[in-house]
Amino acid sequence: HATQYLSDYRPYPFTLNSTALSFQLAPDNTQVTARLSFQPRDPANPRDLVLDGGKGLTLLSLTIDGAEPAAEMVLRQSETLTIRAEALPRTTFVLETEVQIDPSANTAFEGLYISGGMFCTQCEAEGFRHITFYPDRPDVMAPFDVTIQSDKPVLLSNGNPVESRPGMARWQDPWPKPAYLFALVAGDLVAISDRFTTMSGRDVALNVWVRPGDEDRAGFAMESLIKSMQWDEKVYGREYDLEVFNIVAVDDFNMGAMENKGLNIFNSKLVLASPETATDGDYERIEGVIAHEYFHNWTGNRITCRDWFQLCLKEGLTVYRDQQFTADMRSAPVKRIADVQTLRARQFREDQGPLAHAVRPDHYQEINNFYTATVYEKGAEVIGMLRQLVGDDGYRKALDLYFDRHDGDAATIEDWLKVFEDATGRDLSQFKRWYTDAGTPHVDMQESWDAANGRLTLTLRQHTPATPGQPEKPARVIPVAVGLIGPNGQEVGKTRILELDQPEQDFVFDGLGAQPVVSALRVFSAPVMLNRQIDDDMRAFLLAHDTDPFARWEAGRELALSALTDLAMGKDAGAGYVDAIGQLAGDQRADPAFRALCLNMPSEEEIATRLAAAGTTPDPDRIHGAREDLGRRVANAHAHLLAQIYDDMAVPGAYSPDAEAAAKRALRIAALGLLNRIDGGDRAEVLFGTAGNMTERMAALSCLIRRGRGQAALAAMADQFASNRLVMDKWFAVQPMAAAPEDAADVATELARRSDFDWKNPNRFRALLGGLAANHAGFHRADGKGYDFTAEWLMKMDRANPQIAARMSTAFETWSRYDPERRAKALNALQRIADMDGISRNLGEMVSRMIA
Ligand code: HT7
Ligand code: ZN
């Protein structure tokens, strides 16, 4: 499989003036007519016209300005169709093709496929080439005119509706767009509808389309859309630009959602919600992803990417914007802490292993393998750092300039950095390394206190470990936010942003009366690993006094991690943590959501990552034991307080997904999780039977499974929700996830035998395999059963849906940090996958990088 390089970028030799498509839909025989008006960029230098087109396209006819070219002028290769330069006019011409495709055979869910009887599309990144022959690259943009013929009652595409009668509809999208933003939906759908008036007075019709019967679960998605539209006007001055905005919920979907112009298509789990079926976490994700896709209308659609190496241009920025939105809608500190947790769990893990790559990679085999935590989440962190370096005003000016200068463009990271340079005058050449260099920098901080002069010197050093293909890492500019806290617990001065741009640098704080405690890396000002000399007393002090909520939470986290890693290595530890966490749990002034975050111990995966980073081989069984042990000690030490919290945090009355109520439930569930270790599961059993919402029911179910008492609850849930796919996904996921480590792989094996394990449905497959992978000690079972189960299913899935197989293969990405016996078993499983006949480019690339 050939590697693509950023340095090979060349503009497409033709401009595309317009695209007209006509679809005659039938499940196994859809005909697509494409009329493409091209113009050579350099008529003096005639070039072949190369169109992308997958194996599933059967070419029925082809004309140029109405005439058929000679047969030898048209060359069909496995992934392209070439028309020789000799057969092409030197000026504007119309290429018309007619192809036949088979949506019913499309199990990869890329291009046009069928889900639950509905036709739908997914074109990012390179799905459009499975629909028709086309220059399927993001820098080729055109206005689209789409006609759909079908007996389905609802026929949708991008842009504005211009014609509609039974059996046909026509849509026009005036905004030039690349093919990856094309979408079509045809089905038996119903909408919940609303309207929105934009800041310039445009009246927009809003629809959320779902399957009949699901309407009563679509209201929250609509509310989220309206809030997103208001927010983007208020905060970024961006308004919507078409007469309609449609959202469609689809059951079979490879990812979360897709920002197609004017027609966002969503995984139904990110649209449908009711108190009985969705958790608080689901509601928050729905709100965030609806916002994310809507925000893409400007950051992604109006300004798109020149090529797929620039993916972070739209994804990093749009994640940054959706994080800001959620922070504004809910609690900013809690959102920040949650985002850091995700970053560490997913992106740091990626950066430390064989799949590490730059935020803007410079080569790939399969672009779908680069929709990663690095491109998305680290891409957003990089923007957060830029903002700290140029300030809020500089950020606003740069963004205004970006929209102004690049509206309608397919842009690059160079363009993006240039607007910051031009708007603020700051040189960002060193900053650019955040985009080009992979790996998580390690920052060491040393303090020296000069009592005679009241002077504190912080010495910061940076070092970034090698990553695949990048052995050397020059220093980059790292904003380190630092605050000082006096011995009395009072803040000394303001938070300072230290700009570390050398391998080693001193920063001096003068005029101090007494030695302060340093609160470092406030708000997690940079995605780095901070190493500092700090003892448990100082951590407890920061946990009690720090005014920066992130740093305060971090102090508790560090206490927990140091106790857990020590325990996992057989040392006696944890007393300081048990005390400190009790004080925090009882702090009535602290936000319940914050207290909940503090009460949740680091995951086993996080403990393993910490041990590996310190050069210790993690032992999954010991880690599991250490975490169980510490949790039980916290529960025993604070049983009374936790029981009090559990009772006090019950939210009376009807369920509401708002942040305040969700925070109380989060704290209640955190207390339950600890109490469950000492009450035998009694509280969980009562809660499962009485809770009126899915948040508490799922928490109770998980607790019951952990106590070996899940059977009746699982049966009740399966009985009640047999026909609700989304709830059954949770049911499939929680069992391997909460099972005892020695049982998890067997539980997954049993579940995979059920007739309702509809494995071709990505959500169901992810639920089961992801559930097992989330059980750290279960997946890494010493006998290799977790690895074998996962490998078998990845190979099976690869034949149907390579994208999903490749994504789920990341369960193996940390395999090489374990002991030799586990390593041998994991490698054996990976090798079996690598040797598989006909392995896809997607899975092939992932596995070869993991075993390289
Ligand atoms: N821009 C989208 C990324 C995407 C995708 C979505 C659904 C199915 C397949 C996909 N491939 C790539 C989603 C987003 O970031 O908004
Ligand atoms: Zn996105």
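About the cut-offs
- By convention here, each chain's residues receive numbers from 1 onward along its written sequence.
- Whichever chain is written first is A, and whichever ligand is written first is 1; the rest continue in order.
- Local features in this predicted model are restricted to residues whose pLDDT is 70 or higher, and side-chain atom pairs enter the listing and the counts only when it is 80 or higher, whereas totals over whole chains, interfaces and linings include all residues.
- Only DSSP runs of H or I covering at least 4 residues are called helices, and only runs of E covering at least 2 are called strands; the numbering of each starts at the N terminus.
- Computation of the radius of gyration draws on C-alpha atoms, with the globule rule given as 2.2 Å multiplied by the number of residues to the power 0.38.
- Our exposure labels follow a C-beta count within 10 Å of each residue's own C-beta, placed from the backbone: buried means 20 or more other C-beta atoms, exposed means 12 or fewer, and partly exposed covers the counts in between.
- Strand pairing requires that DSSP identify at least two bridges connecting the strands.
- UniProt positions are given in the numbering used here, feature names are shortened, and annotations may be inferred rather than shown by experiment.
- The span expected for a helix works out to 1.5 Å for each residue beyond the first.
- Using a C-beta atom placed from the backbone, a residue is scored as near a molecule or strand whenever that atom is within 6 Å of it.
- Throughout, the ten residues Ala, Val, Leu, Ile, Met, Phe, Trp, Tyr, Cys and Pro are labelled nonpolar, Asp, Glu, Lys and Arg are labelled charged, and all others, Gly among them, are labelled polar.
- Interaxial angle, 0 to 180 degrees, is taken between N-to-C directions of lines fitted to C-alpha atoms, where a helix line uses only the stretch in contact.
- When describing relative orientation, an angle under 35 degrees is termed roughly parallel and one over 145 degrees roughly antiparallel, while 65 to 115 degrees is termed roughly perpendicular and anything else oblique.
- Note: crossing handedness is left-handed where the near helix turns anticlockwise from the far helix by less than a right angle, and right-handed where it turns clockwise.
- Here the contact rule is simple: place C-beta atoms from the backbone, and any two residues whose C-beta atoms are within 7 Å are in contact.
- Domain start and stop points were drawn from an automatic or database domain assignment.
- Residues enter a nonpolar core if they are buried, belong to Ala, Val, Leu, Ile, Met, Phe, Trp, Tyr or Cys, and are joined to the set through C-beta atoms within 7 Å.
- pLDDT is defined as a per-residue confidence score from the predictor, taking values between 0 and 100.

Helices and strands together make up the secondary structure of the chain, namely 26 helices and 30 strands. Taking 2.2 N^0.38 as the reference for a compact globule, 852 residues should give roughly 29 Å; the C-alpha atoms of the chain span a radius of gyration of 28 Å, in line with that estimate. Taken over the C-alpha atoms alone, the chain extends approximately 85 × 65 × 60 Å along its principal axes. When burial is assessed residue by residue, the chain has 51% of its 852 residues classed as buried.

Following Glu 124, the chain continues into Ala 125 via a peptide bond in cis, with omega recorded as -5°. Look at Phe 524: it is not a glycine, yet its phi comes out positive at around 55°.

Taking burial as the measure, the 6 residues of strand β13 (residues 160–165) include 0 buried ones, a minor fraction of the element. One ladder, built from 5 bridges, connects β13 with strand β14 (residues 168–177); its direction is antiparallel. The partner of Ser 164 across the bridge, within β14, is Ala 169. Adjacent in sequence and paired antiparallel, β13 and β14 are bridged by 2 residues, among which Gly 167 carries a positive phi angle near 90°.

A separate point is the UniProt feature "domain: Peptidase M1 membrane alanine aminopeptidase" (unreviewed entry) in the chain. Mapped onto this structure's residue numbering, the UniProt feature "domain: Peptidase M1 membrane alanine aminopeptidase" (unreviewed entry) falls at residues 220–434. Summarising residues 220–434: 56% helix, 9% strand, and an end-to-end C-alpha distance of 37 Å.

As recorded in UniProt, the feature "domain: Aminopeptidase N-like N-terminal" (unreviewed entry) lies at residues 70–181. Along residues 70–181 one finds 0% helix and 48% strand; the C-alpha atoms at either end are 33 Å apart.

So, on to helix α3 (residues 311–329). In this model α3 runs 27 Å from its N-terminal to its C-terminal C-alpha over 19 residues, within 8% of the 27 Å that 1.5 Å per residue would give. Of all 19 residues in α3, 16 are buried; the element is thus mostly enclosed.

The subject of this paragraph is the site of ligand 1. Contacts to ligand 1 come from 13 residues, most closely from Gln 122, Glu 124, Asn 254, Met 255 and Met 258. Breaking the shell around ligand 1 down by element, the ones donating at least two residues are β19 (257–258) and α2 (280–295). Taken together, the residues that form the shell around ligand 1 break down as 5 nonpolar, 4 polar and 4 charged.

Between helix α20 (residues 741–752) and helix α23 (residues 785–800), the least distance of the axes is 8 Å, while the angle of their chain directions is 25°. As judged from the angle between their axes, α20 and α23 are roughly parallel. Handedness of the crossing formed by α20 with α23: left-handed. Contacts between α20 and α23 involve Ala 744, Ala 745, Ala 748 and Thr 749 from the first element and Lys 785, Gly 786 and Phe 789 from the second. Split by residue class, the contact of α20 with α23 holds 4 nonpolar, 2 polar and 1 charged.

Now for the domain arrangement of the chain. For the chain, the domain assignment lists domain 1 (4–188), domain 2 (304–436), domain 3 (442–522) and domain 4 (722–852). Here the C-alpha centroids of domain 1 and domain 4 sit 36 Å apart. Taken together, the contacts link 4 residues of domain 1 with 5 residues of domain 4. Partitioning the side of domain 1 that touches domain 4 into residue classes produces 2 nonpolar, 1 polar and 1 charged.

Ranked by size, the top nonpolar core spans 252 residues in total, and within it Leu 184, Val 185, Val 248, Ile 265, Val 271, Val 480 and Ala 671 carry the most contacts. Setting aside its immediate chain neighbours within four residues, Val 248 contacts Cys 120, Leu 156, Val 185, Leu 189, Trp 209, Ile 265 and Phe 266.

So, on to the sheet that holds strand β27 (residues 491–500). Within a sheet, neighbouring strands are paired by backbone hydrogen bonds and run either parallel or antiparallel to one another. The strand order across the open sheet formed by 3 strands is β27-β26-β29, and the pairing between neighbours is antiparallel. On the outer flanks of this sheet lie β27 and β29 (517–520), each paired with one strand and no other. Across the sheet, the mean angle from the axis of one strand to that of its neighbour is 25°, orientation sign disregarded. Note: strand β26 (residues 478–485) against β29, 4 bridges, orientation antiparallel. Its bridge partner being in β29, Gly 483 is matched across the sheet by Ser 519.

Mapped onto the elements, Phe 220 comes out in helix α1 (residues 219–236). Once the C-alpha coordinates of Phe 220 and Thr 459 are considered, the two residues, 239 residues apart in sequence, prove to be 50 Å apart.

Attention shifts here to the environment of Arg 633. Looking at the secondary structure, you find Arg 633 in helix α13 (residues 620–637). The exposure class assigned to Arg 633 is partly exposed, which follows from the 19 C-beta atoms found within 10 Å. The contact partners of Arg 633, leaving out residues within four places of it in the chain, are Gly 574 and Val 578.

Reading across the sheet, the 4 strands line up as β28-β25-β24-β30 and stay open at both edges, with mixed pairing between neighbours. The open sheet terminates on both sides in strands that have one partner only, identified here as β28 (504–509) and β30 (529–532). When the angles between neighbouring strand axes are averaged without regard to direction, this sheet yields 25°. Both strand β24 (residues 442–450) and strand β25 (residues 455–463) contribute to a ladder of 9 bridges, which runs antiparallel. Residue Asp 450 lies in a different strand from β25, and its bridge partner there is Arg 455.

Structural remark: α-helix, 3.6 residues per turn; residues separated by three or four positions point the same way. In this model, helix α15 (residues 659–675) (17 residues) spans 24 Å end to end at C-alpha, consistent with the 24 Å of a helix rising 1.5 Å per residue. Taking burial as the measure, the 17 residues of α15 include 14 buried ones, the bulk of the element.

Bringing the pairing of strand β7 (residues 80–83) into the picture now. Burial of β7 is one-sided: the residues Leu 81 and Ile 83 facing one way are buried, the residues Thr 80 and Thr 82 facing the other way are not. As defined by bridge partners, strand β4 (residues 49–52) adjoins β7 across 4 bridges and the pair is classed as antiparallel. Looking at the pairing, Leu 49 lines up with Ile 83 of β7. With antiparallel pairing between neighbouring strands as the criterion, strand β6 (residues 74–76) and β7 make up a hairpin whose turn holds 3 residues.

Let us now look at the confidence of the model for the chain. Detail in the predicted coordinates should be disregarded across regions flagged by low pLDDT. Predicted confidence across the chain gives a mean pLDDT of 98, with 100% of residues reaching 70 or more. Reported confidences for the modelled complex are a pTM of 0.99 and an ipTM of 0.98.

The subject of this paragraph is the environment of Ala 782. On the secondary structure map, Ala 782 appears in the loop between α22 (776–779) and α23. When the C-alpha positions of Ala 782 and Arg 822 are compared, they lie 6.1 Å apart, and in sequence the two are 40 residues distant. Residues contacting Ala 782, with those up to four places away along its chain left out, are Glu 821 and Arg 822.

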